Amino acid sequence: MSAAIEMRDVSRIYTVGDTEVRALDGISLSIEEHSFTAIMGPSGSGKSTLMSLIGCLDVPTSGTILIDGEDTSGLDDNELAYIRNRKIGFVFQHFSLLPKLDALDNAALPLLYAGVPLRERRRRAEAMLERVGLKDRMKHRPSELSGGQKQRVAIARALVNNPSILLADEPTGALDSATGHDVMDLFHALNDEGHTIVFVTHDAGLASECSRIIPIKDGKVADDGT
Ligand SMILES: Nc1ncnc2c1ncn2[C@@H]1O[C@H](COP(=O)(O)OP(=O)(O)OP(=O)(O)O)[C@@H](O)[C@H]1O
Ligand SMILES: [Mg+2]
């Protein structure tokens, strides 16, 4: 099996005024294709920073990241956006849906950016909303949906381009535990269909359902069990 994601000695230093924050400090790791991985660690340990880098939303200060074997070092914003659009879906804790668009248009948004024609956008977004169990909520705006339904719209949006990798930063953090479990069940089903899934959680119970847990502490991969 080849690696979906590979990080080699990756650091990310934020500069605020004259202070440097070493959010990630020489991380090396490899995540296999079709795997289901949980990232865990204390607040401020660098988990969201790590996810942004894997998701090509940000670039490392030093080190190398390969997505599907493709080296992302030195790529410009357009080239990173191209990789993101083809290979990566991103789900956030607070859904990040556009309030004025209904579920269908929210889910279709990445296809608009990718230049897909309207009819095809609608067809694919409909199929994806049906896949996440929201066939009867296509015309609802975010304010007319429950938290779990909003997160499923966000998952449909993340998957509408059929990316191989699904990244989720505390996707169940804003949900009650039953709804959180529904989202996990959906992730398991997507993983069974072949998607590589990486998600951040503070919930040890949810993490224990994954094939692997990567513990992060002080911007480093911590030893297992710490
Ligand atoms: N844009 C930024 N500018 C400066 N410092 C930042 C920035 N983003 C994050 N940091 C700092 O980097 C460190 C890691 O932050 P990060 O958001 O990755 O943590 P986290 O593990 O996701 O925490 P949480 O569990 O609270 O979400 C923190 O010390 C944070 O203050
Ligand atoms: Mg975070």
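Here, the structure is the one placed above.
One structure accompanies this document, and this report is about it. (Residues numbered from 1 in each chain as written. Chains lettered and ligands numbered in written order. Predicted model: local features only at pLDDT ≥ 70, side-chain atom pairs only at ≥ 80, totals over all residues. Heavy atoms only, no water.)

What follows covers the sheet that holds strand 7 (residues 165-169). Strand order in the open sheet formed by six strands is 6-7-8-3-9-10, with mixed pairing between adjacent strands. Among the strands making up the open sheet, the edge pair consists of strand 6 (88-91) and strand 10 (220-221). Sheet topology note: the strand 3 (residues 36-40)/strand 9 (residues 212-217) ladder contains four bridges and is parallel. Bridge pairing in strand 9 places Met 40 opposite Pro 215. Along the sheet face, helix 1 (residues 47-54) touches strand 3, strand 6, strand 7, strand 8 (196-200) and strand 9 and points at about 155° away from the line of strand 7. Strand contacts of helix 5 (residues 147-159): strand 6 and strand 7, with the helix running at about 165° to strand 6, the strand carrying the most contacts. (Pairing = 2+ DSSP bridges. Helix = DSSP H or I, 4+ residues; strand = E, 2+ residues; numbered from the N terminus. Contact = heavy atoms within 4.5 Å. Axes fitted to C-alpha atoms, helices over the stretch in contact; angles between N-to-C directions.)

A few words on the sheet that holds strand 2 (residues 19-32). Ordered by their spatial adjacency, four strands build an open sheet running 2-1-4-5, and the pairing between neighbours is antiparallel. The outermost strands of the open sheet, each flanked by one partner alone, are strand 2 and strand 5 (70-71). Sheet topology places strand 1 (residues 3-16) next to strand 2; ten bridges connect them, and they run antiparallel. The residue bridging Met 7 from the neighbouring strand is Leu 29, located in strand 2. Set on the sheet, helix 1 makes contact with strand 1, strand 2 and strand 4 (62-67); between it and strand 1 the angle comes to about 120°.

Attention now goes to the pairing of strand 6. Residues Ile 88 and Phe 90 line one face of strand 6 and the alternating positions Gly 89 and Val 91 line the opposite face, and both faces are buried. Bridging between strand 6 and strand 7 involves four bridges; their strand directions are parallel. In the sheet register, Phe 90 faces strand 7, and the bridge partner there is Leu 167. (Buried < 20%, exposed > 50% of the residue type's maximum accessible area, 1.4 Å probe, protein only.)

Another point: the packing of aromatic side chains. Under the counting rule described, the total for this entry stands at three aromatic pairs. Ring geometry for Phe 36 against Phe 199: centres 5.8 Å apart, planes inclined by 50°, an arrangement best described as tilted. One end of the pair, Phe 36, is in strand 3; the other, Phe 199, is in strand 8, with 163 residues separating them in the sequence. Phe 199 shares its class with Phe 36; the two are buried. Ring centres 6.3 Å apart and planes at 70° place the aromatic pair Phe 187 and Phe 199 in the edge-to-face group. Of this pair, Phe 187 sits in helix 6 (residues 177-192) while Phe 199 sits in strand 8, and the two are twelve residues apart along the sequence. For the pair Phe 187 and Phe 199, one class covers both residues: buried. Of the aromatic side chains, those joined through ring pairs into one cluster are Phe 36, Phe 187 and Phe 199. (Phe/Tyr/Trp six-rings, centres within 6.5 Å; stacked < 30°, edge-to-face > 60°.)

This next bit is on unusual backbone geometry. Backbone geometry places Cys 56, a non-glycine residue, at a positive phi of 60°. By the secondary structure assignment, Cys 56 is in the loop between helix 1 and strand 4. Although it is not a glycine, Glu 170 adopts a positive phi angle of roughly 50°. As for its position among the elements, Glu 170 is in the loop between strand 7 and helix 6. Using a relative accessible area of 18% as the deciding quantity, one classes Glu 170 as buried.

On to the site of ligand 1, then. Near ligand 1 lie 14 residues; those nearest to it are Ser 43, Gly 44, Lys 47, Ser 48 and Thr 49. Within the contact set of ligand 1, an oxygen atom lies 2.7 Å away from a side-chain nitrogen or oxygen of Lys 47. Taking 640 Å² as the accessible area of ligand 1 by itself, protein coverage stands at 61%. At the level of secondary structure, the elements contributing two or more residues to the shell around ligand 1 comprise strand 1, strand 2 and helix 1. Here the shell around ligand 1 gets three residues from one element, more than from any other, and that element is helix 1. Here the shell around ligand 1 is composed, by residue class, of five nonpolar, seven polar and two charged. (Near = heavy atom within 4 Å. Polar contact = N/O pair within 3.5 Å; in protein donor to acceptor, adjacent residues only side chain to side chain. Areas by Shrake-Rupley, 256 points an atom, 1.4 Å probe, with all protein chains shown as cover. Nonpolar A, V, L, I, M, F, W, Y, C, P; charged D, E, K, R; others polar.)

Read these as layout, nothing more, since geometry by itself doesn't imply function.
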